[in-house]
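What follows is each chain in one-letter form.
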Amino acid sequence: MYQMSGKDFYRDTLGRIERSAERLGLEEGIREILKYPRRVVEVYLPVRMDDGSLKVFWGCRVQHNSARGPYKGGIRYHESTDLEEVKALAALMTFKSAVADIPFGGAKGGVACNPKALSRGELERITRRYTAALANDIGPYTDIPAPDVGTNPQTMAWIVDTYSQLKGRKVPEVVTGKPVSIGGSQGREEATGRGVAICAEEAMRHMGLDVQSASIAIQGFGNVGTYAALALAERGCRIIAVSDSRGGKYDPRGLPIGALLEHKRRTGSVVGFKDGSDIGSDQVLEVECDVLIPAALQNAITGGNANGVRAKIVVEGANGPTSPEADEVLRRKGVMVVPDILANSGGVIVSYFEWTQNLRREYWELEEVREKLERRLTCQFKKVLETSDEFGVPLRDGAFILGVKRVAEALETLGLFP
Ligand code: NAD
């Protein structure tokens, strides 16, 4: 799979912001503010490794914009992460929060390391060092991190503990995506996948498709893919194809998702499941279906394979799974693409619910979280559709225009200090 460099990714993101600002006729100064981060903090983290050696890891936190609320965004542990990539991801968070209409700005953090090659102890020491280095930059009213690629609820627990020890009081609200046992929210784990399912349902309604008999293909059977599959099966859809990095399964009558999940839990893959025929990991992208959900990695649908897509709707579970060339091919074929910035915003929406519960010392039941997520996403889906219609552009551009417009409005209302 082609991986865009951090530099290209950042340039592409700046281009999207620029085009949206142009369509909205924003003044030059506001455009400049929207394009660049407010703060970039780089840290070098000395960490004692298990073998006794001392290593220094590079990390950063990029705070893009806080006009609508405290900075918010995940922390990525990946060996190829760099400042340009994190800057792009931070900007995307600003607009993702704005499209979801939650009171957050955008930020992102990164540490250049390979978490798969590190022990639990090494990961814990890196995380605690990173938190200590940034203890005056993050906080429940300033900048609230969350998990991203390579980090998880356990990472968030170490951050809560380190930050709380340094501040001398318990501050679970400094991060979201925590384990439920230390103040995480019900429904956070399933939120992104469930949000993808809600968007898929809205898109099908818009296209006049019958949700009850709809066929779905999903690439990637991890956190996002599995919860999207479960939520869509709950809605009566047939999940006809799924794949993970090792291979896939196909059955036009629909795969039994519960049993397939059980098999995946036992063996680590969908490969070898008793029902359905075997297909390749990427073949799932070319299956004839109503909705295709790429929920694995970026750049899954490219100029090279977009012509083979036989879905009526693509709902982006992953971040950036459709390349700009593929986007153009799909547009010409009349395929509706629900963009990542809207489709996978369920995670940040429930992160907002988690933060709210923590600040109020409240605890919401799962049903309440699910209901609030559904209400918010369906409402914002309609707003994105309206914006796309108003400007005569595809949903991806519509979502960006809506996000940029909301942030620009906040900036103009706040004015400049001094
Ligand atoms: P995950 O690691 O849990 O799952 C990824 C899945 O993709 C795995 O099943 C893996 O086997 C599969 N995969 C990898 N390469 C593949 C290939 N070539 N073909 C088919 N399958 C392949 O990750 P996740 O948390 O589900 O995230 C998936 C995507 O969604 C990422 O792009 C991530 O950035 C994005 N995302 C996740 C969240 C979240 O809350 N988890 C939120 C927003 C966006």
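Residues numbered from 1 in each chain as written. Predicted model: local features only at pLDDT ≥ 70, side-chain atom pairs only at ≥ 80, totals over all residues. Heavy atoms only, no water.

Our next topic: the overall build of the protein. Secondary structure summary: the protein contains 13 helices and twelve strands in total. Taken along its principal axes, the extent of the C-alpha atoms in the protein is 55 × 55 × 40 Å. Each of the 418 residues in the protein was classed as buried or not, and the buried ones make up 58%. Counted over contacts in the protein with a minimum sequence separation of 6, partners at least 24 positions apart contribute 68%. As presented, the protein carries roughly 17400 Å² of accessible surface, and 49% of it is formed by carbon and sulfur atoms. Charge-centre separation for the protein: the mean point of 55 positive side chains lies 3 Å from the mean point of 55 negative side chains. (Helix = DSSP H or I, 4+ residues; strand = E, 2+ residues; numbered from the N terminus. Buried < 20%, exposed > 50% of the residue type's maximum accessible area, 1.4 Å probe, protein only. Contact = heavy atoms within 4.5 Å. Areas by Shrake-Rupley, 256 points an atom, 1.4 Å probe, with all protein chains shown as cover. Lys, Arg positive; Asp, Glu negative; His and termini not counted. Charge placed at Lys NZ, Arg CZ, Asp CG, Glu CD.)

Bringing the packing of aromatic side chains into the picture now. What describes a pair of aromatic rings is the distance from one ring centre to the other and the angle between the planes of the rings. What the rule picks out here adds up to six aromatic pairs. Note on tyrosine 352 and phenylalanine 353: the rings are 5.8 Å apart at their centroids and 45 degrees apart in plane angle, and the pair reads as tilted. Side by side, tyrosine 352 and phenylalanine 353 carry an identical accessibility label, which is buried. Members of the aromatic cluster, each reached through a chain of ring pairs, are Phe104, Tyr352, Phe353, Trp355 and Trp364. Between the NZ or CZ atom of lysine 72 and the centre of the ring of phenylalanine 104, over which it lies, the distance is 5.8 Å. When the ring centre of tryptophan 364 is taken as origin, the NZ or CZ atom of lysine 372, which lies over that ring, is 4.0 Å away. (Phe/Tyr/Trp six-rings, centres within 6.5 Å; stacked < 30°, edge-to-face > 60°. Lys NZ or Arg CZ within 6 Å of the ring centre and 35° of its normal.)

Let's shift gears to the sheet that holds strand E12 (residues 336-338). An order of E9-E8-E7-E6-E10-E11-E12 is seen for the seven strands of this open sheet, with the pairing classed as mixed. At either margin of the open sheet sits one strand with a lone partner, and together these are strand E9 (277-279) and E12. Neighbour to neighbour, the strand axes of the sheet diverge by 20 degrees on average, direction disregarded. As judged from the three bridges shared by strand E10 (residues 289-294) and strand E11 (residues 311-315), these two strands associate in the parallel manner. Note on E11: the bridge partner recorded for valine 291 is isoleucine 313. Packed on one face of the sheet, helix H6 (residues 188-206) meets strand E6 (215-219), E10, E11 and E12 and runs near 145 degrees to E11. (Pairing = 2+ DSSP bridges. Axes fitted to C-alpha atoms, helices over the stretch in contact; angles between N-to-C directions.)

Before going further, it helps to examine the pairing of strand E7 (residues 238-244). Taking burial as the measure, the seven residues of E7 include six buried ones, the bulk of the element. What sits between E7 and strand E8 (residues 247-250) in their antiparallel hairpin is a turn of two residues.

So, about the site of the ligand. Near the ligand there are 21 residues, and of these Thr192, Asn223, Val224, Asp244 and Ser245 occur at the shortest range. The backbone of phenylalanine 221 places a nitrogen or oxygen atom 3.2 Å from an oxygen atom of the ligand. Contact distances for the ligand include 3.2 Å between an oxygen atom and a side-chain N or O atom of asparagine 319. When the ligand is considered free in solution it has 840 Å² of accessible area, and contact with the protein chains removes 72% of it. (Near = heavy atom within 4 Å. Polar contact = N/O pair within 3.5 Å; in protein donor to acceptor, adjacent residues only side chain to side chain.)

Quick look at the pattern of salt bridges now. Side-chain pairs of opposite charge can arise whenever the charged atoms involved come near each other. For the coordinates displayed, the defined rule picks out 41 salt bridges. The shortest N-O distance in the salt bridge between lysine 35 and glutamate 32 comes to 3.8 Å. Here the residue lysine 35 and the residue glutamate 32 both occupy positions in helix H2 (residues 28-35), the gap between them amounting to three residues, near one helical turn. Among the residues examined, lysine 35 registers a relative accessible area of 13% and is labelled buried. (Salt bridge = Lys/Arg side-chain N within 4 Å of Asp/Glu carboxyl O.)

Remark: H6 packs on helix H7 (residues 223-234), axes separated minimally by 7 Å, with the N-to-C direction vectors making an angle of 50 degrees. On the basis of their axis angle, the class for H6 and H7 is oblique. The two elements H6 and H7 meet at a crossing, and its hand is right-handed. Judged by residue contacts, Glu189, Glu190, Thr192, Gly193, Arg194, Val196, Ala197, Ala200 and Met204 of H6 engage Asn223, Val224, Tyr227, Ala228, Ala231, Leu232 and Glu234 from H7. Across the contact of H6 with H7, the residue classes break down as nine nonpolar, three polar and four charged. (Parallel < 35°, antiparallel > 145°, perpendicular 65-115°, else oblique. Left-handed = near helix turned anticlockwise from the far one by under 90°. Nonpolar A, V, L, I, M, F, W, Y, C, P; charged D, E, K, R; others polar.)

Here we have five strands laid out as an open sheet, ordered E1-E2-E4-E3-E5, and mixed in their pairing. A strand with exactly one partner marks an edge of an open sheet, and here the two such strands are strand E1 (39-48) and strand E5 (143-147). Averaged over all pairs of adjacent strands, the angle between strand axes in this sheet comes to 20 degrees, irrespective of strand direction. The pairing of strand E3 (residues 71-77) with E5 spans five bridges and is parallel. Opposite lysine 72, over in E5, you have isoleucine 144 as the bridge partner. Against the sheet, helix H5 (residues 153-167) makes contact with E3 and E5, and its axis sits at roughly 145 degrees relative to E5, the strand it touches most.

Another aspect to go through is the pairing of E11. Burial analysis of E11 places four of its five residues in the buried class, the great majority of the element. In this structure, E11 lies alongside E12, joined through three bridges in parallel fashion. When the sheet's bridge partners are listed, isoleucine 313 is paired in E12 with methionine 336. In this region the chain leaves E11, passes through helix H9 (residues 324-333) and returns to the parallel neighbour E12; the handedness of that crossover is right-handed. (Right-handed = clockwise from strand over helix to strand, strands pointing away.)

Our next topic: the side chain of arginine 76. Looking at where arginine 76 falls in the secondary structure, it is placed in strand E3. The class of arginine 76 is buried, set by a relative accessible area of 10%. Reaching out from arginine 76, the side chain makes a polar contact with the side chain of glutamate 85 at a distance of 3.4 Å.

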